[in-house]
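Summary of structural features
Listed below, chain by chain, are the residues.
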Amino acid sequence: MSDAEIKGSCAPNFVGVRDAFERNFTLRGEVGAAVAVWVEGDLVVNLWGGSADAAGTGPGKKTL
């Protein structure tokens, strides 16, 4: 089981995406990931969690 904190937002109709994203950490040992989903110009899912590197020292989301 992972203790990765999931951050971001998810529209109510897309909670299944959030659930699947969390399962990647808890069941599959994901180290770090991000997902964004746009529907007809609206950002409906914007999630990130974990670390940017396997050692767990990098932040889960990089900014440009």
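Each remark here, short or long, concerns the structure printed above.
Overview of the structure. Keep in mind that this is a model prediction, so the values were computed, not measured. (Residues numbered from 1 in each chain as written. Predicted model: local features only at pLDDT ≥ 70, side-chain atom pairs only at ≥ 80, totals over all residues. Heavy atoms only, no water.)

**Looking at the overall build of the chain**
Here is the rule: By the criteria applied, helices consist of DSSP H or I runs no shorter than four residues and strands consist of E runs no shorter than two, each listed in order from the N terminus. Categorising residues by exposure relies on relative accessible area from a 1.4 Å probe, with only protein chains included: less than 20% of the type maximum marks a residue as buried, more than 50% marks it as exposed, and the intermediate range marks it as partly exposed. Throughout, a residue-residue contact means that at least one pair of heavy atoms, one from each residue, lies within 4.5 Å. Areas reported as accessible are Shrake-Rupley estimates using a 1.4 Å probe. Residue values count occlusion only from the protein chains shown.
Each helix and strand in the chain was counted, giving one helix and three strands. Overall, the chain shows an N-to-C arrangement of helices and strands of β-α-β-β. The buried share of the chain, reckoned over its 64 residues, is 16%. Across the chain, every contact between residues at least 6 apart in sequence was considered, and the portion connecting residues at least 24 apart equals 40%. As displayed, the chain offers around 4500 Å² of accessible surface, 52% of which is attributable to carbon and sulfur atoms.

**Quick word on the pairing of strand β3 (residues 42-50)**
The condition that has to hold: Here a strand pair is declared whenever DSSP counts at least two bridges between the two strands.
As defined by bridge partners, strand β1 (residues 6-10) adjoins β3 across five bridges and the pair is classed as antiparallel. Across the sheet, the residue bridging to isoleucine 6 is glycine 49, located in β3. Where strand β2 (residues 32-39) and β3 come together, eight bridges link them in antiparallel fashion. By the bridge assignment for β3, valine 39 is matched with aspartate 42. The antiparallel pairing of β2 with β3 creates a hairpin that spans two residues between the two strands, and glutamate 40 there sits at a positive phi of about 50 degrees.

**Details of the sheet that holds β3**
Our working rule: Each axis is a line fitted through C-alpha atoms, taken for helices only over the stretch in contact, and angles between the N-to-C directions span 0 to 180 degrees.
Pairing is antiparallel in the open sheet, where three strands are placed in the order β1-β3-β2. Since the sheet does not close on itself, it has two edges, and those belong to β1 and β2, each with one partner. The sheet shows a mean angle of 5 degrees between the axes of neighbouring strands, direction not considered. Helix-sheet contacts for helix α1 (residues 15-26) involve β1, β2 and β3, and the interaxial angle to β3 is about 15 degrees.

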